[in-house]
Amino acid sequence: MRKSTLTWKFKEEEVIDEEFSKLLEHEGLSKISGRILWKREIRTAKQLEQFLHPQASHLHDPLAFYDMEKAIQRIKKAIEKDEKILIYGDYDADGITSTTILKEALESIGANILYYLPNRFTDGYGPNKKVYQYFIERQNVQLIITVDNGVSGLEAIDYAQKLEVDVIVTDHHELPQNLPNAYAIIHPKHPKGDYPFGKLAGVGVAFKLAWALLGEFPTEFLDLVAIGTLADLVSLTDENRVFVSLGLKTIRNTERIGLIELMKVAGIKRKGFTEAQVGFGIAPRLNALGRLKDPNLAVELLSTFDPEEAKRLAQKIQSVNEERKQLVEQTVEEALELLFEQPDSPIQILIKSGWNPGILGIVASKILNMTGKSTIIFTLDEKGNAKGSARSVEALNIFKALDEHRELFLAFGGHHMAAGMTLPVENLEMLRKILEKFIKRESIDVTQGKIIKVETILNSTDITIELTEELARLAPFGAGNPKPVFALENPKIQKVNNLGNKNQHLKMKLTKDFGELEIISWENGGFAKEFTSGGKLSLIGELGINEWNGRKKIQYFLTDFAIDGIQFFDLRGKQGIQFLPKEKSLFLACKKENLKILSDIESIEGDVLLISEKEKITTWKQENKSGNLVLVDVPENSEELREILQNLSFHRIFFLGMSKEEAYIIGMGKREQFSALFQFIRQQESLNIRKEFQKVAQYLKIPVKLLIFMIKVFEELGFLTITDGVLEVIKKPQNHKLTESVLYQKRKRQIKQEMFFLLSNQETLQKWFERETMD
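A few words on a nonpolar patch on the surface. A contiguous nonpolar patch, built from Ile 351, Leu 380 and Val 425 and spanning about 190 Å² of accessible area, is present on the exposed surface. By the element assignment, Leu 380 lies in strand β8 (residues 374-380). For Leu 380, a relative accessible area of 34% puts it in the partly exposed group.

Okay, structure coming up:
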């Protein structure tokens, strides 16, 4: 049994009314697509039209923003007086694209501008008083416009306004209780405004300011507004859906040379460009600069007209992104190692000196996705304080849990499922206790993990090229309009292969009843054996099309999986050790000498017992929740193993089948070999077997291990004696058949056991363990 990492929430089936069914038929959409739209509150002709065919006319008037007209007048006044204007942005992709849009808009109408994106490490997020002071005193800035930040910058903005330097704030972040003393605040949720849509990204607000400033719809900025909107993971509904839909079309035909060069280094083609390329290709590269270096380079790239400069900057950004990926990979590996030292707690708090603070959020997200547990990743700052990022499961509002304990922190901020914080190291244990107490007080079920909504279960007949292409019409996908996730119940895996230079990905094929559907699973290479371990398999994932040389093939991109029932992992062979479970397990050996084999393995997590230690085995199972059983060697007696399997609940069985002596290879010894040995020893009055053993083996051409066994059988049957290594023949022994020997019969059973457990294929063994466990 393997539980899913995520919590699957199947959407309730609702009845679609007749009128909407006619609309679907008119649009050429199936019932599956129709049910998806219906569940997403797309139910009228107008809603369906705007969803499937977004147009610029669906956007709201930029002048509907509170303070927009006031801000426009002030900017125009600054241009008329040739005042120097500072655009103060943010270091992420939203802030980068926001800054670029406003920079180009202002330059196009003759403004005298500077722009600055703060350094994450030295300036921090949002308005910074020292930076403002520099630009006011040294650069003679007379107007500051913030993009994608500002509503929390009370001190810096108040400082500027007192020096009669006006600050226009454009932002989209949560509004604090007290707003800054700015000249104007353009925000979709301004408390004095009534703007129709409150979920714009920072770049959406900047786009609206540029639109109002230019007096016409700025088509040339659609590429940037799409990238920033997608990168900031805001809801792809209403205006955001329009921005992204139109922006993606613009990108496919873009002449922005910086973006073209960035796409080249990312290996992205303009033809067929989708929102996925932003999420996995463009946004991470823009964000990498802010995480590690100077984000201002990104604005230079996106706004340059110099082809050589664009190429140079794109390659620089690519280099930083590669550095970022290596840092993330290394930090995730180190964080996973620390997980095993964690106490049994619903919160994973990991800290290590030297981790880069710019990537902690990414690492926390990855650990959360891998484990299903809320995670906080810390590093030590230059003052020795713990600086970190938190990512939580949906059930836990980590911001609410910690907001009432601000005295614990030197700095704190965030929202429902993410937070950033700095606190003294000695407060970390108190942090854990506060979160554990909050979870208990609020009766939060953190075992649910991250919730993912599943549309429906697909049958093999549902999965067609036509459906997959039809679902693409519901794009662009993202927050508020997630790509449909479908479940497959009990599919049969035909083939599993690892992909990638580190075998980090998986490619699987289902059996013919699913049309040999191809499954792709990113970053799950270590789970290859799970899919061939038996049990009832359940999958959730997304449908896509792989087109090569004009041939289309459906692919199923795996999101998560679960396995019900007994799993059997065949770890026979030299490579088996690397697949031992990393969670606590019971290791069982039948022979004491085989326990030594385990002493050479560093990766053992759990306890080692002999199969004969029944009371200890029962006690271990009572004290441990683990359902993992690792069988080290071949059982001498199937009944002993059968008793353990039937009386104790093990649902994940790993079989190493290790042994220093494999009797089935050496065999029982042929009658002719026994006869030759008997004749030889009869010719000897006595024989120092210790000294002459190798010579005897060579003379009789019998393997040493087999010869030892044969001599022991003769000794048991009374044909000879061995005293202090000296073999003496009994002159008139009683007649006995070889089969009367207990050793002989025991070896015969051993060979039978070994031949079954070591030579049977995985399917045969799997069925045996399932049967013995279930009986």
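Having seen it, we continue.
Counting buried residues in β8 gives six out of seven residues, a clear majority hidden from the surface. Sheet analysis places strand β7 (residues 347-351) next to β8, joined by five bridges and oriented parallel. Bridging across to β8, Ile 349 finds its partner in Ile 376. Read from β7 through helix α15 (residues 360-371) to β8, the crossover connection turns out right-handed. Two strands pair when backbone bridges link them, and β8 and strand β9 (residues 386-391) are joined in this way by six bridges, in the antiparallel orientation. Considered in β9, the bridge of Thr 379 is made with Lys 387.

Evaluated as defined, the whole model comprises 37 salt bridges. Arg 35 is the salt-bridge partner of Glu 13, the closest N and O atoms lying 3.5 Å from each other. Taken together, the residues Glu 13 in the loop between β1 (7-10) and α1 (18-27) and Arg 35 in helix α2 (residues 31-39) connect sequence positions 22 residues apart. A relative accessible area of 46% means that Glu 13 is categorised as partly exposed. Measuring nitrogen to oxygen at the nearest pair gives 2.3 Å for the salt bridge that ties Lys 208 to Glu 239. Within this pair, whereas Lys 208 is found in helix α8 (residues 202-214), its partner Glu 239 is found in helix α10 (residues 238-252), the two being separated by 31 residues in sequence. Owing to a relative accessible area of 0%, Lys 208 belongs among the buried residues under this scheme. Residue class for Glu 239 comes out buried when judged on its relative accessible area of 0%. Among the charged side chains, a network of salt bridges with common partners joins Glu 639, Arg 642, Arg 771 and Glu 772.

With that out of the way, let us pick up the packing of helix α5 (residues 93-108) against helix α9 (residues 222-231). At a closest axis distance of 8 Å, the pairing of α5 and α9 adopts a crossing angle of 160°. Between α5 and α9, the interaxial angle falls into the category roughly antiparallel. Where α5 crosses over α9, the handedness of that crossing is left-handed. Residues Ala 93, Asp 94, Thr 97, Thr 100 and Ile 101 of α5 form the contact with α9, whose own contacting residues are Leu 224, Val 225, Ile 227, Gly 228 and Ala 231.

Three or more residues of helix α3 (residues 45-52) are buried, namely Leu 48, Phe 51 and Leu 52. Along the axis of α3, the buried residues cluster in a sector spanning 85°; they form a single face. Its buried side turned inward, α3 meets α1, α2 and α10.

The parallel open sheet is built from five strands, whose spatial order is β20-β24-β23-β21-β22. The sheet is open, and its two edges are formed by β20 (567-570) and β22 (606-610), each paired on a single side. When strand polarity is set aside, the average angle formed by the axes of neighbouring strands in this sheet is 20°. Pairing between strand β21 (residues 585-589) and strand β23 (residues 628-631): three bridges, direction parallel. Within β23, the position partnered with Phe 587 by the bridge is Val 630.

Here we take up the side chain of Gln 567. Examined against the element boundaries, Gln 567 turns out to sit in strand β20. From its side chain, Gln 567 meets the backbone nitrogen of Arg 2 in a polar contact 3.3 Å long. In this structure the side chain of Gln 567 is engaged in a polar contact, spanning 3.0 Å, whose partner is the side chain of Arg 652. In this view, Gln 567 contacts Met 1, Arg 2, Glu 530, Ser 533, Gly 534, His 651, Arg 652 and Ile 653; residues no more than four positions away in its chain are not counted.

An ideal rise of 1.5 Å per residue puts 18 Å on 13 residues; helix α27 (residues 762-774) measures up with 18 Å between its terminal C-alpha atoms. Among all positions in α27, only Leu 765, Gln 766, Trp 768, Phe 769, Glu 772 and Thr 773 are buried. The arc that holds the buried residues of α27, viewed along the axis, is 160°, so those residues lie on one side. On its buried face, α27 is in contact with β20, β23, α21 (638-647), β24 (652-655) and α26 (742-759).

What follows covers the sheet that holds β7. What the five strands build is an open sheet, ordered β7-β8-β9-β11-β10; its pairing is mixed. At either end of the open sheet lies a strand with only one pairing partner, and these are β7 and β10 (411-415). Across the sheet, the mean angle separating the axes of adjacent strands is 15° when strand polarity is ignored. Pairing geometry for β10 and strand β11 (residues 418-423), over five bridges, is antiparallel.

Calculation notes
All residue numbers here refer to positions counted from 1 along the written sequence of the relevant chain. For a predicted model such as this one, the threshold for reporting local features is a pLDDT of at least 70, and the threshold for listing and counting side-chain atom pairs is 80 or more; totals across whole chains, interfaces and linings nevertheless cover every residue. Think of the side-chain values as coming from all heavy atoms in the structure, minus any hydrogens and water. Nonpolar side chains (Val, Leu, Ile, Met, Phe, Trp, Tyr) within 5 Å and like charges within 9 Å form the patches, drawn only from residues with over 30% relative accessible area and no salt bridge. Only the protein chains shown count as cover for residues, and all accessible areas are computed by the Shrake-Rupley method using a 1.4 Å probe. Here, a salt bridge means any side-chain nitrogen of Lys or Arg that lies within 4 Å of a carboxyl oxygen of Asp or Glu. Helix and strand assignments come from DSSP, with helices taken as H or I runs of at least 4 residues and strands as E runs of at least 2, each series counted from the N terminus. For each residue, the accessible area found with a 1.4 Å probe, counting protein chains only, is set against the maximum for its type, and the residue is called buried under 20%, exposed over 50%, and partly exposed in between. DSSP calls a pair of strands paired once it identifies at least 2 bridges connecting them. A crossover counts as right-handed when, viewed with the strands pointing away from the observer, the path leading from the first strand over the helix to the second turns clockwise. Axis angles are defined between N-to-C directions and span 0 to 180 degrees, where every axis is a line fitted to C-alpha atoms and, for a helix, only to the segment in contact. Put simply, angles under 35 degrees are roughly parallel, angles over 145 are roughly antiparallel, angles from 65 to 115 are roughly perpendicular, and the rest are oblique. In this scheme the handedness of a crossing depends on how the near helix is turned from the far one: anticlockwise by less than a right angle means left-handed, clockwise means right-handed. Working rule for contacts: check all heavy atoms of both residues, and any pair within 4.5 Å makes them a contact. Summarising the geometry, the arc corresponds to the directions from the helix axis toward the C-beta atoms. As used in this structure description, the phrase polar contact means that two N or O atoms lie within 3.5 Å; if the pair is within protein, one of them must be able to donate a hydrogen and the other to accept it, and residues adjacent in sequence are counted only when both atoms belong to side chains. Expected span, for any helix, means 1.5 Å times one less than how many residues it has.

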